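Take a look at the letters that make up each chain.
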Amino acid sequence: MALFSELRRRNVLKVALVYLLACVLIIWLVGGPLTSLGVSSWANEFVVLVLLIGFPVALIFAWTYEITPTGLKKSLDVEQTQSIVFKTGQKLNAAMAVLAVLGVMALIGERLMPTFEFPKVLEPILPLPLYESPNSASVPQEIRSYTLDNGLRIIVWPDHDIPNVVMYNFVRAGGRNEYPGITGLSHFFEHMMFNGTKRRAQGEFDETMEAAGGANNAYTSNDLTVYQDWFPRSALETIFDLEADRLENLAIEAEVVESERGVVYSERRLRVDNDNFGRLFEQMFATAFVAHPYQFPVIGWPSDIENWTLEDLESYFRTYYAPNNLTMVFSGDVSAEEIFVMADEYFGPIASQPEPQAVRTVEPEQMGARHLLIEADAPTPLLHVAFHAGSATDPETLPLSVLLNIISSGASSRLHQLFVEQEQIALGVGGFQLEGFDPGLVYFYLTLPPDGEPAAVEARLLEELQRIATDGVTEAELAKARNIMVADYWRQLATIDGKASIVGNAEVFLGDYERAFDLPDELDAISIEQLREVAEKVFDQKKMTVGVLRSPQDGGSE
């Protein structure tokens, strides 16, 4: 009680009460009437910051000069009719007034310069989460990344050239995550995710997005299922609501499942059963891989498509569509902060799940060449040749991509010029590399003339590949491939869709989105000797799988 009486006698309580009432009045004024008149929302946070500084400082002055012995002695030594608290309070109020004037000037500046953004300091009182900035100076510094408490990883690359936004959702669920009995489930969910939820009827997802000016698509691979949304900035909250709804409330109902089962089976007939390229391609992977799940067709085996159960679907969705198994990338007319705040609001409540079981199977080393022959109605024979290669993170993967650009990409490539233009033993030739989480394949595919001899073309292909492994390529060929790949890279980065795709794939496959910006330097560092060495290692005929599809009456032997 003695301390309370002393505080009251020394004006400390008066100072506290005056500042407290002033704080309440100012906060009400800025947060209510002024905001309704168009004052920027950050003004409220600025005022809160100033008052949070001024109020405790005022109390400290009052305590120091009215209660402590040192302060009392100083007040007696100074010739004045007013208390030290009053004098000091005047100085404090002057400082607060200066801050207030600066705030008003900032408001005026924002009106004159619409792009001005005052840095947010409080939200409204709690500190903002720490968003991750790029570590490398070569990475665009506006990119930010953030991981929600439930494990959802989000990357934002602002680009204000046009008022549009793109969102990629990378789901770590593909053919490699399946096993006999449930093959094709990853692709099946690519279909299911566009159907109804507990809140929305079937078809309402697309209707709502299109009404807001948006569009969408998706694809499934051996490693991932990727969902894409393109939309105007004005539809941002609508997209968040749609995406959160289907992640949390997807309706896995028997009637819908049976309908989509029929759709997927029809797609399989179109792309595989009634397509010669698809039929041979499927059998090539089933032959090249004897242990690893890359052997399974992404669309699924027919018997599995026919027999998935609701329990299979519910378990798979719960495991692989958990937020801790997703990576989302946004690019376009947004700020990182607004995306992260909305992500916390819409995706934050979705519960994480135990990590999916890791794919532990390692494909055993192939000890000898494998050949397969499919006899079917084919106007032109097909020849496919595959060699085992590394994963996306293998140091030999990029040199191999450069080598494939030289020998099989485009009309000026080595194989096209030799086999199509000069020797005319093929109608078309191409190649690609499967760059996934696990070691994949280098794959060549050739369409032969109706009277083509698959065995002879195979021998000629192996001869040319061996020549590259022995003699290498020229500096001119390397420079050309490097120029093409760098040009493609920058061309892709010129669009918000390309930005999201490149950054997302680097984050998912390479473990760090910043790796995406290393490509030009990495290409510059590749030498012709590296290309020769990788050709010598990969084009090993003991690790080769050869597939031929031809009509029964076609000649040639395998």
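Look a little higher up for the structure.
Read on for a plain summary of the structure. The structure displayed is predicted, hence computed values, not measured ones. (Residues numbered from 1 in each chain as written. Predicted model: local features only at pLDDT ≥ 70, side-chain atom pairs only at ≥ 80, totals over all residues. Heavy atoms only, no water.)

### A look at the overall build of the protein
Argument step 1. From N to C terminus, the protein includes 20 helices and 11 strands.
Argument step 2. Within the protein, buried positions represent 49% of all 558 residues.
Argument step 3. In the protein, of all internal contacts separated by at least 6 residues, the share reaching a separation of at least 24 is 78%.
Argument step 4. Carbon together with sulfur atoms contributes 58% to the accessible area of the protein, which is approximately 26,800 Å² in total. (Helix = DSSP H or I, 4+ residues; strand = E, 2+ residues; numbered from the N terminus. Buried < 20%, exposed > 50% of the residue type's maximum accessible area, 1.4 Å probe, protein only. Contact = heavy atoms within 4.5 Å. Areas by Shrake-Rupley, 256 points an atom, 1.4 Å probe, with all protein chains shown as cover.)

### Details of the packing of helix H14 (residues 397–408) against helix H20 (residues 528–538)
Argument step 1. At a minimum axis separation of 9 Å, H14 and H20 run at an interaxial angle of 90°. When the interaxial angle is binned, H14 and H20 end up roughly perpendicular. Of the residues in H20, those in contact with Pro399, Leu400, Val402, Leu403 and Ile406 of H14 are Gln530, Leu531, Val534, Ala535 and Val538.
Argument step 2. Here the residues of the contact of H14 with H20 sort into nine nonpolar, one polar and no charged. (Axes fitted to C-alpha atoms, helices over the stretch in contact; angles between N-to-C directions. Parallel < 35°, antiparallel > 145°, perpendicular 65-115°, else oblique. Nonpolar A, V, L, I, M, F, W, Y, C, P; charged D, E, K, R; others polar.)

### What to know about the pattern of salt bridges
Argument step 1. Going through the model one piece at a time under the given rule, you end up with 28 salt bridges.
Argument step 2. Between Glu464 and Arg460 there is a salt bridge, and its shortest N-O distance comes to 3.7 Å. Within this pair, Glu464 and its partner Arg460 are both found in helix H16 (residues 454–471), separated by four residues, close to a single helical turn.
Argument step 3. Among the ionic contacts, a cluster of salt bridges with common partners joins Arg414, Glu423, Arg460, Glu463, Glu464, Arg467 and Glu477. (Salt bridge = Lys/Arg side-chain N within 4 Å of Asp/Glu carboxyl O.)

### Quick word on the nonpolar core
Argument step 1. Core analysis: the biggest nonpolar cluster contains 56 residues, and Ile154, Phe189, Phe240, Tyr321, Phe330 and Phe347 have the highest contact counts within it.
Argument step 2. Listed in part, the 41 residues of the second largest apolar core include Leu383, Leu400, Val538 and Phe539. (Core = buried A, V, L, I, M, F, W, Y, C linked by side-chain atoms within 4.5 Å.)

### Details of helix H13 (residues 336–346)
Argument step 1. When we look at burial in H13, the residues that qualify are Ala336, Ile339, Phe340, Met342, Ala343 and Tyr346. Around the axis of H13, the buried residues are gathered within 165° of arc, so they sit on the same side.
Argument step 2. Against strand E1 (144–147), strand E2 (153–158), helix H8 (236–249) and strand E6 (326–332) lie the buried residues of H13. (Arc of directions from axis to C-beta.)

### Description of the packing of helix H6 (residues 185–192) against helix H9 (residues 254–273)
Argument step 1. Running from N to C, H6 and H9 cross one another at 115°; their axes reach a closest spacing of 10 Å. Of the two possible hands of crossing, H6 and H9 adopt the one that is right-handed. Counted together, His187, Phe188, His191 and Met192 of H6 and Val256, Val257, Glu260, Arg261, Val263, Val264 and Glu267 of H9 form the full contact between these two elements.
Argument step 2. For the contact of H6 with H9, the per-class residue count stands at six nonpolar, two polar and three charged. (Left-handed = near helix turned anticlockwise from the far one by under 90°.)

### Details of unusual backbone geometry
Argument step 1. Despite not being glycine, Gln424 shows a phi value in the positive range, around 55°.
Argument step 2. Tracing the sequence through the fold places Gln424 in the loop between helix H15 (414–422) and strand E9 (428–433).

### Digging into the sheet that holds strand E5 (residues 225–232)
Backbone hydrogen bonds are what pair the strands of a sheet, in a parallel or an antiparallel way.
Argument step 1. The six strands are arranged E1-E2-E6-E3-E5-E4 in an open sheet whose pairing can be described as mixed. A single partner strand is all that each edge strand has here, and the edge strands are E1 and strand E4 (215–220). Along the sheet, successive strands turn relative to each other by an average axial angle of 15°, direction set aside.
Argument step 2. Across four bridges, the pairing between E1 and E2 is antiparallel. Looking at E2, one finds that Ser145 is bridged to Ile155.
Argument step 3. Seen against the sheet, helix H18 (residues 496–510) touches E2, strand E3 (164–171), E5 and E6 and runs at an angle of roughly 25° to E3. (Pairing = 2+ DSSP bridges.)

### Brief notes about the packing of aromatic side chains
Argument step 1. Applying the stated criterion across every chain, the model contains 32 aromatic pairs.
Argument step 2. Here Tyr227 and Tyr321 contribute two aromatic rings whose centre-to-centre distance is 6.2 Å and whose plane-to-plane angle is 65°, an arrangement assigned as edge-to-face. Taken together, the residues span a long stretch of sequence, with Tyr227 in strand E5 and Tyr321 in the loop between helix H12 (310–320) and E6 at a distance of 94 residues.
Argument step 3. Judged by relative accessible area, Tyr321 falls into the buried class, the value being 3%.
Argument step 4. A centroid spacing of 6.0 Å and a plane angle of 40° characterise the contact between Phe240 and Tyr346, whose relative ring orientation is tilted. Of this pair, Phe240 sits in helix H8 while Tyr346 is found in helix H13, placing the two residues 106 residues apart along the sequence. Tyr346 carries the same exposure label as Phe240, and that label is buried.
Argument step 5. Taken together through their ring pairs, the aromatic side chains of Phe188, Phe189, Phe194, Phe205, Tyr227, Trp308, Tyr316, Phe317, Tyr320 and Tyr321 make up a single cluster. (Phe/Tyr/Trp six-rings, centres within 6.5 Å; stacked < 30°, edge-to-face > 60°.)

### Here we look at the pairing of E3
Consecutive side chains along a regular strand alternate between the two faces of the sheet.
Argument step 1. When you tally the buried positions in E3, you get seven out of eight residues, the bulk of the element.
Argument step 2. The pairing of E3 with E6 spans seven bridges and is antiparallel. Considered in E6, the bridge of Asn169 is made with Met328.

### A look at the side chain of His292
Argument step 1. Relative to the elements of secondary structure, His292 occurs in the loop between helix H10 (276–288) and helix H11 (302–307).
Argument step 2. Overall, His292 belongs to the buried group, its relative accessible area being 2%.
Argument step 3. There is a polar contact of 2.9 Å between the side chain of His292 and the backbone nitrogen of Tyr294.
Argument step 4. A distance of 2.8 Å separates the side chain of His292 from the side chain of Asp438, its partner in a polar contact. (Polar contact = N/O pair within 3.5 Å; in protein donor to acceptor, adjacent residues only side chain to side chain.)

### Some words on the sheet that holds strand E10 (residues 441–447)
Argument step 1. Taken together, five strands build an open sheet; the order of strands is E7-E11-E8-E10-E9 and the sheet is mixed. Two strands bound the open sheet, and with one partner strand each, they are strand E7 (370–375) and E9. Across this sheet, the average inter-strand angle for adjacent strands is 10°, counted without regard to direction.
Argument step 2. Of the pairings in the sheet, the one linking strand E8 (residues 382–388) to E10 comprises seven bridges and is antiparallel in character. Bridge pairing in E10 links Phe387 to Val442.
Argument step 3. Lying on the sheet, H16 is in contact with E7, E8, E10 and strand E11 (544–550); it crosses E8 at an angle near 35°.

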